[in-house]
Structures are given as C-alpha cells and as structure tokens.
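Listed below are the residues making up each chain.
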Number of protein chains: 2
Amino acid sequence: MARLDKVKGTRDLLPEEMAKRRWVFERIREVFEGFNFQEVLTPTFEYTELFKLRSGEEVVKQLYAFQDKGGRDISLRPDMTSSVARLYVNRFQNAPKPIKWYYIANMFRYEEPQSGRYREFWQAGVELIGSDRVEADAEVIALFTQSYLAVGLEDFTVNIGDRILLDEFAKMLGVEDDIGLMRLIDKKDKMSREEFVGALREFGLNDDGVEKVLSLIEIKGLPDEVLPKAEELFTSEEAKAEIKRLYELVDLLDAYGVSKWVRIDLGIARGFDYYTSVVFEAIAPNDLGIGSIGGGGRYDNLIEVFGGKPTPATGFAIGIERLIPILEWKGLLPEIKLRPDVYVIPIGDDREVKKTAIEITQGLREATVRADIELTGRKLRKALDYAGKLGVPYVVLVGKKDLEAGKVTLRDMKSGEQKSIEKERAVEEILNILGV
Amino acid sequence: MARLDKVKGTRDLLPEEMAKRRWVFERIREVFEGFNFQEVLTPTFEYTELFKLRSGEEVVKQLYAFQDKGGRDISLRPDMTSSVARLYVNRFQNAPKPIKWYYIANMFRYEEPQSGRYREFWQAGVELIGSDRVEADAEVIALFTQSYLAVGLEDFTVNIGDRILLDEFAKMLGVEDDIGLMRLIDKKDKMSREEFVGALREFGLNDDGVEKVLSLIEIKGLPDEVLPKAEELFTSEEAKAEIKRLYELVDLLDAYGVSKWVRIDLGIARGFDYYTSVVFEAIAPNDLGIGSIGGGGRYDNLIEVFGGKPTPATGFAIGIERLIPILEWKGLLPEIKLRPDVYVIPIGDDREVKKTAIEITQGLREATVRADIELTGRKLRKALDYAGKLGVPYVVLVGKKDLEAGKVTLRDMKSGEQKSIEKERAVEEILNILGV
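Everything quoted here is computed from the prediction, not taken from an experiment.

**Q** In this structure, what is going on with the overall build of chain A? I would like to understand it.
**A** A tally of helices and strands in chain A yields 17 helices and 17 strands. For chain A, the C-alpha radius of gyration of 29 Å lies well beyond 22 Å, the compact-globule estimate for 436 residues. Counting only residues that meet the buried cut, chain A has 59% of its 436 residues in that class. Pairs at least 24 residues apart make up 68% of the contacts formed inside chain A by residues separated by at least 6 positions.

**Q** Explain the pattern of salt bridges to me, please; I cannot follow it from the model alone.
**A** Any two side chains of opposite charge can pair, so long as their charged atoms come close to each other. Scanning the entire structure with this criterion turns up 88 salt bridges over all chains. Residue B:Lys337 is joined to B:Asp341 by a salt bridge in which the shortest nitrogen-to-oxygen separation is 2.9 Å. Overall, B:Lys337 belongs to the partly exposed group, its relative accessible area being 42%. Each of A:Arg133, A:Glu135, A:Glu248, B:Asp349 and B:Lys354 takes part in salt bridges that share partners, so that together they form one network.

**Q** Sorry, what's going on with the side chain of B:Asp12 here?
**A** Examined against the element boundaries, B:Asp12 turns out to sit in the segment before α1 (15–34). In this structure B:Asp12 comes out as buried when scored by relative accessible area, which is 2%. Separated by 2.8 Å, the side chains of B:Asp12 and A:Arg86 make a polar contact. Discounting residues that sit within four places of it in the chain, B:Asp12 has contacts with A:Leu41, A:Thr42, A:Pro43, A:Arg86, A:Leu87, A:Arg91, B:Lys6 and B:Glu17.

**Q** Just checking my understanding: could you explain the nonpolar core for this structure?
**A** Nonpolar side chains in soluble globular proteins tend to end up buried together. Formed by 137 residues in total, the largest nonpolar core has its most connected members in B:Ile160, B:Phe234 and B:Leu323. Element by element, the count of residues in this core is highest for helix α5 (residues 134–150) of chain B, at nine residues. Listed in part, the 136 residues of the second largest apolar core include A:Ala269, B:Phe51, B:Ile129 and B:Leu431.

**Q** I keep staring at the packing of helix α10 (residues 223–233) of chain B against helix α11 (residues 237–255) of chain B and nothing clicks. Help me out?
**A** Two quantities define a packed helix pair, namely the angle between the helix axes and the distance between the axes. Residue and element names in this part refer to chain B. The interhelical angle for the contact between α10 and α11, taken along N-to-C directions, is 170 degrees, at an axis separation of 10 Å. As far as their axial angle goes, α11 and α10 are roughly antiparallel. Of the residues in α11, those touching α10 at Pro223, Leu227, Pro228, Ala230 and Glu231 are Lys240, Ile243, Leu246, Tyr247 and Val250.

**Q** Please clarify how the sheet that holds strand β17 (residues 418–422) of chain A should be interpreted in this entry.
**A** Sheets are built from strands paired through backbone hydrogen bonds, the pairs being either parallel or antiparallel. All names here are of chain A. Pairing is mixed in the open sheet, where five strands are placed in the order β14-β13-β15-β16-β17. Edge positions in the sheet fall to β14 (371–373) and β17, since each of these pairs with one other strand and no more. For this sheet, the mean inter-axis angle between neighbouring strands, taken without regard to orientation, is 25 degrees. Here helix α15 (residues 380–390) sits on the sheet in contact with β13 (342–346), β15 (394–398) and β16 (407–412), set at roughly 170 degrees to β13.

**Q** Looking at this structure, how should I read the packing of helix α7 (residues 178–186) of chain A against helix α8 (residues 193–203) of chain A?
**A** Residues and elements named next belong to chain A. The interhelical angle for the contact between α7 and α8, taken along N-to-C directions, is 170 degrees, at an axis separation of 11 Å. The angle between α7 and α8 places the two elements in the roughly antiparallel class. Listed contacts from α8 to Gly180, Leu181, Leu184 and Ile185 of α7 are Phe196, Ala199, Leu200 and Phe203. Its residues placed into classes, the contact of α7 with α8 shows seven nonpolar, one polar and no charged.

**Q** What exactly am I supposed to notice about the relation of the copies chain A and chain B here?
**A** The relation between the two chain copies is a rotation about an axis coupled with a shift along that axis. Overlaying chain A with chain B gives an RMSD of 0.0 Å, the required rotation being 180 degrees about an axis along which the chain moves by 0.0 Å. These values place the two chain copies in the arrangement generated by a two-fold rotation axis. Relative to the rotation axis, the closest C-alpha in chain A is found at A:Phe66, a distance of 3.1 Å. When the interface residues of chain A are mapped onto chain B, 100% of them again lie at the interface, so the same face is used by both copies.

**Q** What exactly am I supposed to notice about the pairing of strand β4 (residues 73–76) of chain A here?
**A** Within a regular strand, the side chains alternate between the two sheet faces. Residue and element names in this part refer to chain A. Summarising the sheet, strand β2 (residues 45–47) and β4 pair through three bridges and their orientation is antiparallel. Directly across from Phe45, in β4, lies its bridge partner Leu76. Judged from the three bridges that link them, strand β3 (residues 65–67) and β4 form a sheet pairing that is antiparallel. By the bridge assignment, Ala65 is partnered in β4 with Ser75. In textbook terms, the turn of a hairpin is the stretch between consecutive antiparallel strands, and for β3 and β4 this stretch comprises five residues, one of which, Gly71, has a positive phi near 80 degrees.

**Q** Got a minute to help me understand the packing of aromatic side chains in this structure?
**A** Aromatic ring pairs: the centre-centre distance and the angle between the two ring planes describe each pair. All names here are of chain A. Summed over all chains, the structure comprises 35 aromatic pairs over all chains. When the ring of Tyr64 is compared with that of Tyr110, the centres are 5.8 Å apart and the planes differ by 80 degrees; the resulting orientation is edge-to-face. Here Tyr64 is found in the loop between α3 (57–61) and β3, whereas its partner Tyr110 is found in the loop between β5 (99–108) and β6 (120–129), with 46 residues between them in sequence. Residue classification places Tyr64 among the buried residues on the basis of a relative accessible area of 2%.

**Q** Would you mind showing me how to read the sheet that holds strand β8 (residues 220–221) of chain B here?
**A** Residues and elements named next belong to chain B. Taken in spatial order, the nine strands line up as β1-β5-β6-β12-β11-β10-β7-β9-β8 in an open sheet, and their pairing is mixed. Sheet topology places β1 (38–39) and β8 at the edges, where each strand pairs with a single neighbour. Where β8 and strand β9 (residues 262–265) come together, two bridges link them in antiparallel fashion. Bridge pairing links Gly221 to Ile264 in β9. Across the sheet, α10 is in contact with β8 and β9; its angle to β9 comes to roughly 20 degrees. Set on the sheet, α11 makes contact with β7 (157–162), β9, β10 (278–283) and β11 (292–298); between it and β7 the angle comes to about 160 degrees.

**Q** Hey, could you run me through the environment of B:Glu111 in this one?
**A** Residue and element names in this part refer to chain B. Looking at the secondary structure, you find Glu111 in the loop between β5 (99–108) and β6 (120–129). What makes Glu111 buried here is its relative accessible area of 16%. Spatially, the C-alpha atoms of Glu111 and Gln62 are 6.3 Å apart, while their sequence positions differ by 49 residues. With residues up to four places along the chain from it excluded, the contact list for Glu111 reads Gln62, Arg117 and Arg119. In this structure the side chain of Glu111 is engaged in a polar contact, spanning 3.5 Å, whose partner is the side chain of Gln62.

**Q** Looking at this model, I keep getting lost on the interface of chain A and chain B. Mind explaining?
**A** It is common to report an interface's size as the accessible area lost on association of the parts. Facing the 103 residues of chain A at the interface are 103 residues of chain B. Note on chain A versus chain B: buried area summed over both sides is about 9,500 Å², and carbon and sulfur give 56% of it. Between chain A and chain B we count 22 salt bridges in total. A salt bridge links A:Lys355 to B:Asp251, with the shortest nitrogen-to-oxygen separation between them at 2.8 Å. Here chain A is connected to chain B by 52 residue pairs in polar contact (both at pLDDT 80 or more). Looking at the side of chain A that touches chain B, the element that brings in the most residues is helix α14 (residues 351–366) of chain A, giving seven residues.

**Q** What am I meant to see in unusual backbone geometry here?
**A** Peptide bonds are, in most cases, trans, and in most cases residues other than glycine have a negative phi. Between A:Lys97 and the following residue, A:Pro98, the backbone shows a cis peptide bond with an omega angle of -5 degrees. Considering the arrangement of structural elements, one finds A:Pro98 in the loop between α4 (81–92) and β5. Positive phi, close to 65 degrees, is recorded for A:Asn36, a residue that is not glycine. Positive phi, close to 60 degrees, is recorded for B:Thr368, a residue that is not glycine. Inspection of the secondary structure assignment puts B:Thr368 in the loop between α14 (351–366) and β14 (371–373).

**Q** Just checking my understanding: could you explain the pairing of strand β7 (residues 157–162) of chain A for this structure?
**A** Residue and element names in this part refer to chain A. Of all six residues in β7, five are buried, a share of seventy percent or more. Direction of pairing for β7 relative to strand β10 (residues 278–283): antiparallel, over a ladder of six bridges. Across the sheet, the residue bridging to Ile160 is Phe280, located in β10. Where β7 and strand β9 (residues 262–265) come together, three bridges link them in parallel fashion. Bridging across to β9, Val158 finds its partner in Val262.

Procedures and definitions
- Residues numbered from 1 in each chain as written.
- Chains lettered and ligands numbered in written order.
- Predicted model: local features only at pLDDT ≥ 70, side-chain atom pairs only at ≥ 80, totals over all residues.
- Heavy atoms only, no water.
- Helix = DSSP H or I, 4+ residues; strand = E, 2+ residues; numbered from the N terminus.
- Rg over C-alpha atoms; globule rule 2.2 N^0.38 Å.
- Buried < 20%, exposed > 50% of the residue type's maximum accessible area, 1.4 Å probe, protein only.
- Contact = heavy atoms within 4.5 Å.
- Salt bridge = Lys/Arg side-chain N within 4 Å of Asp/Glu carboxyl O.
- Polar contact = N/O pair within 3.5 Å; in protein donor to acceptor, adjacent residues only side chain to side chain.
- Core = buried A, V, L, I, M, F, W, Y, C linked by side-chain atoms within 4.5 Å.
- Axes fitted to C-alpha atoms, helices over the stretch in contact; angles between N-to-C directions.
- Parallel < 35°, antiparallel > 145°, perpendicular 65-115°, else oblique.
- Pairing = 2+ DSSP bridges.
- Nonpolar A, V, L, I, M, F, W, Y, C, P; charged D, E, K, R; others polar.
- Least-squares fit on C-alpha atoms with pLDDT ≥ 70 in both.
- Phe/Tyr/Trp six-rings, centres within 6.5 Å; stacked < 30°, edge-to-face > 60°.
- Buried area = accessible area lost by both parts, 1.4 Å probe.

And the structure:
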C-alpha cells in the first residue's frame, strides 16, 4: 500500500506550531473583544453563487467549487466577508446597529503555493456593519493596528488608500476601464519602474497620463506630508471631499494612539469589485518574501448585492500564515513547553503498582501539574530514556518492593539523584519540589 | 436579487453560542492538556482515497467528495482519525512513543440533518498512538470520562464494548457475515424487541442463535455484575483472554477514580471496519432525542492500512453538537455577558468631542474594561436607546460645552442618575465605580 500524503498546498500543524498559533489567536481575540467585537462562525461552505456575487474575478477562479450529493453548487469559503454579510442579510437586518462581529477561521483558495501562502489558510478578522461614518473606519483601523501590537509586532505600517480617489483618478485620465487601471496600479510593486511605465502605455495612457499615475503612486508616506500632494493632484469636488475625510480619519487615528504606524498610500487598490472607499493593508518589512500581512476596507454595496437593504460596512482580515512566520523570524513568539513536568513509571506488571502509579499521576493532574504516565509496558531503562528524550525534569518510579514498604522513588532527571518518599505523601512532596 | 441562505444542514454560530462553545472547548482543552495530550490540526480535506481505505461503507457514502482544479480527488474530512493516522505515517513513525495528540476541529458528513446532527459538526478528540496495553485504553477512557465532568456533566455513563468478543460471538454462532451481524446488533436500539428478533431470524439465525444474541445484549450494566455473565456466555480461549483484559481495564479505571460512570455493554459495535477490540461510547439521558455524545476505541490495524509499520492506537471523539444541547438543557453552561460595561457617546460633530470620546474609550479598554463607542453619528436619544437595548450599565456623554469646562458626564443607566466628572480623571473614576 503506497503511503498517502497530505494534499498539495495544505499542511499539518504540529503541537509546537499549534501552541504558538493558539497564543497568537488568543492575543488577537483579547483585542477584538476589548473593542467589543463578538465572535461568529459561519459554515465552511456556502452556495457558490454567494461568492460569485461578491468576489473579484480572481477569487472566483480560485474557488474550491463542487456539487454536494444533493446536487447543490457549493464552495469552500475563500474569505469570511461574504458569509458574514449573508448572515447579516438573513437574520440581522432589524438588529440594533452597528453590529460588530469577529471571526478566527480557515479559508480556501486554489492558488499556487508560495512563501506564506497555502491553499487552506487562517484569518482573524472583524466586520463592522451599519455605520457609514469615518468614526467606524477609524475604530476598525485602530483595532487592526492594535492587533499586530498585541502579538508584539512593532515594525510595521498600516497603509491607507482610497477607492473613491482611484475612481476619480481614472475619470481624470479619461480612462473608461477604471478597474483595469486599478488592477495595473495594484500590481506596480511586482514590476520594475520601466515595466510599469511600459504596461501603462500598453494600457493606452499618453505621456501626461503616465506622469499622473507616477505622481499618484508617489502619494505614499506620512499623512501630513503626502495628503497635501493629493490635494494638488485631484481637482474634482468628490475627490476633495474624500481627501477631507482622509484628514479626519488620520486625526481620529491620532486620538486612538496609533498614528505612529499609519501611512497614506494612494496606490493601494486591494482587489477590484468589492471595496467602495477607504482601503488599507499592513506591511511588516521582512526577508521572507512576505508582502501584506492583512488588510481591509469599507464595502458599502455588498449587503445590497446580497439582497439586503443598503447598509454600509467596513472590516479587515489578518493573514495568520503571513503573520506567524514574521513573528517567528523576529523571535516574538513565546517559548512553548510541551513536555510533562513529571513522568510516572510503574515497574513491572503488578496490579497494585499500576494502580498506585495512576493514583499519583491523577493526584498531580488534579493539582494542575502536567503529569504523564508510562503506558507502553516497556522496560525501566527504555522508559527512562523516553523521559530523558522529552526533557522531563522529574520521574516517579513505582516498584513492588518499595510499595510494600509504603514508598515510591522520586528521581531528579537532571542530577540523577533519587529519593525515597512516602507513597501517601508523594503528590504533596512533588508539589513542594515543583513549587506549585 | 433573491436572498441567499446558508446551505442545508449547516448553521451559523452567533455570538452567544460561540461564547458558550468556546467555554466548552477550553474546559475540554484543559483536561486534554492535563493528560499531556498535545494539539495538532490537519488539513480540512484529504485525498478521498484515504477515507475510503479507513472508513466504513456508510461514511464513504456520506463523504463530501469532489475534484479540485488540479483534478485531485479530495474529500472534506468526515472525522479526524484518518488524517491523524496519515500524519503519523508521513512524519512520526520514528518519533518516541507513545504519541498523544488531541484536536478540536470540524468534520463533514452528508447525512440527513436531525436533532444534534449537522452536515458540518465539531469534535474534540484524542489519539494515543504506539501502545497496545490496557493501560493506554484506561488512560484514554479515563480522559474521556473526565472531559464530560470538566464541563459539569455528571449524569452520564461510559459504556464499554469489545469487538473481539463480538467477533468471537459471531464465530460461536457459526455466522460468516460477522460484520452484518454487528451491524444488526448496533441497530438494536432503533427497533422494538419483536422487530429485532425478526431481523435476527431474517439474517439467518435459528432459535438458539437468537437466544444467544438476546443474552449478549443483556450483558449490559455494572462491570462486577455483568462480566461474570460474559464469562458464562463465552467459551473460547480468545474470548476468555479478552474478558480478563476487560476486568483489568475496569480495575485501572477504578484507580483513575471514574468507576462511577463506567458500564459494560457488549452490544456496542460502533461502526464496522475500524475498531479492533475495546470500543466505548458516552450516553447522557436527555429529552432531546440525542443518543451517543461521543465514543472511541482501539484501532490497531489502521496505521498499517495506511502504509505504516503495524502500530497499535486508541482514541475517542466527543460530539460537540451532541454535548452542547444537553449542557444547555441541563443549565450547565455559564451565563454569557456580551454587552459592553461602558458606552461612550460623543455628542455632535465637533472634532475635539470625538477625539476625547475615543481617548476615554481607549483608556478604559487599556484597563481591560469592555468599553464601546458610538460610531453611527446618530442623535443622543437614539444612542441612549441603543445602550439601553444592550443593557449597558454606564454611559459616558462627551459634549462640547462640558468639554470646554474640562468635564464629561457619566450616566448610570439603571438609575438614570447623571454626574459630571473631570475629563482628565474620567477613566480613573469609572474604574473605581466598576470596582476594577
């Protein structure tokens, strides 16, 4: 029988990885709940139609789409926003607003695997439904920033762009295929400057147009420094109003205490068919080839697309498979202790010996000591080898002769010292030694 | 645009349900880790072949099987044991034994939805790989029992059966289709006694055979009372040895302190093609139509079936969608507080007002008070209505005039009393009032 492996693009998470991941989840969860977001979880699959309605072309191409045994066209979720918006439309349209939900869940996209990219991956994210105000954008972007701070990351920026300005920009250039232009601008970082200029010309821009695009993507940096440039570049009323909104957003983010991490980058589009105004993403410099570690934005049309009353919304998702390698690389993840503190070895096959070993193990476990018991019936030497390999600090030996004298043996694995202790006081003595 | 709903047999988990579920997960996780099991997570889908190799016919019929865009035949996992055994074969055959892994994860089966049964459901389970000893069975069954105790359940039994005895029983009756017989016995609780006897005759048993089956399924109750009956019924050496093993198991479980919940039930088969000796399941009496709330057993052949060296293993899974309704019904789940403790309302559109409201909110959040801020720009009365609906105990009102005097207003929502407090000392005062 050939050995079966896991499916390409997926991976197994082993105990140490899981423990670190759980630590990251819990830190992020604390911040999310501190901002009064509440956890929801939708099904892993939805009708494929839902994702087609919502998502950009690329996401639909990447769907794990199939028919269930009842002939339903379903797909594994490629992100959570569609599902959460669907849940809102189904059951929460009449609930008090705003709704603040968070999730920590797995998503699926059929993409070419690469650094920090798997076909099954996890996101921690929030959706804030029912406010069109800049205050809501500020709350969400502040939370986004604080989520990274909560896991110890400090060297990152949250870069804010704006879809309204990109739309206005396309109009200004007389470009009809505004989505095509955004798509091109979105890919600028994957090309050299020459390639980018070439692509812009091929797209149909003249010298003036190319120059304007190059000015646009230069609007990137500290808000106070670059927003005035935006005011120069844009002339329409709509654009002016949106720039004013960005000023206000930046001002509120200052009150949240997160200005240090906030940048403006008008070259950010983040997908194409989905966001309606403010968009943002987090970037942490790294040598791992990992780009954005999360992003989000305002999506004021999606709920209507799903058949709900028009309802504004904003949210973000943090890419866990992007974030964790960077935390690991920076040494920001905690040391994980997986071994037990005490290992109890019954010697031989005597029934009383075995039962005493169990009782001591359970006594320690009840006192919340991580205690384990030898379960394979192997010889003492092999059992001690096993405890040594695991790095267990203390071993309790339960033998028949000792036991007849009411004793068991405690072995300090570091020093090799052994000590006979009263069976009845064994748990207590070990707790003392461990300082529990 | 028609409203889209979730897919049949799945469900949305809302904040209160999620909070309760998380409480259950964390209690179970603590016990699992106390027994030194370590968390792993495998991909949501595997090659379909894996599940076909492992699973009983019924599970294969219920697979969510499909092709990915690369033409791979894959399926959503119907349980975790196959995936964990696959992981073991891929990467852990040479690791120190035993391996003790746990998981808390979602599974998928295309079954007819009913009480406590969904097409996507969660299990918390463990696998102990690398010991064929009864000590390993005892450790796993003790942990199984303590997991239910950890969530406050006390009115339940853990019923232990044995596949070796069922095999011996089939031999004793001269039945060649031993799996067919087990399948029939497994379904006994879904039929009246008459129907069951009829089904046995139809299966081909004579009077003596039927009587023996009826004796077998009577071997059900406290170990001390029913194991002697088993000794009478069975005559083969293999059966005698296995009964001796059950006596030893029961004795070790006594040392674990879980005897009170342990029963023998030789009529339990739990699936057909998978377990090799001890099997067990937990039953909690309820009015909800919910049967087994979890189960497991020893599977000494599976790893070899997956191409590994022959390696004994044992484990269990707790059905979360079975367990939670019973805990709910018994009132064992904790009260969940979802509302914020403080709601901060900026009055009007003044920039300083908004920024002060944010600063107070953030000050409270940093002190781990669950504080929220009005984000919709609605009128004061509506904002207070919202806070009232949520049951928020305290509201902070930030108004322009107050602020010019360095003040904000704290409103006790229960009494309606309002109090002017210094803006600079607002966080501190609120912490005092909340007793934080």
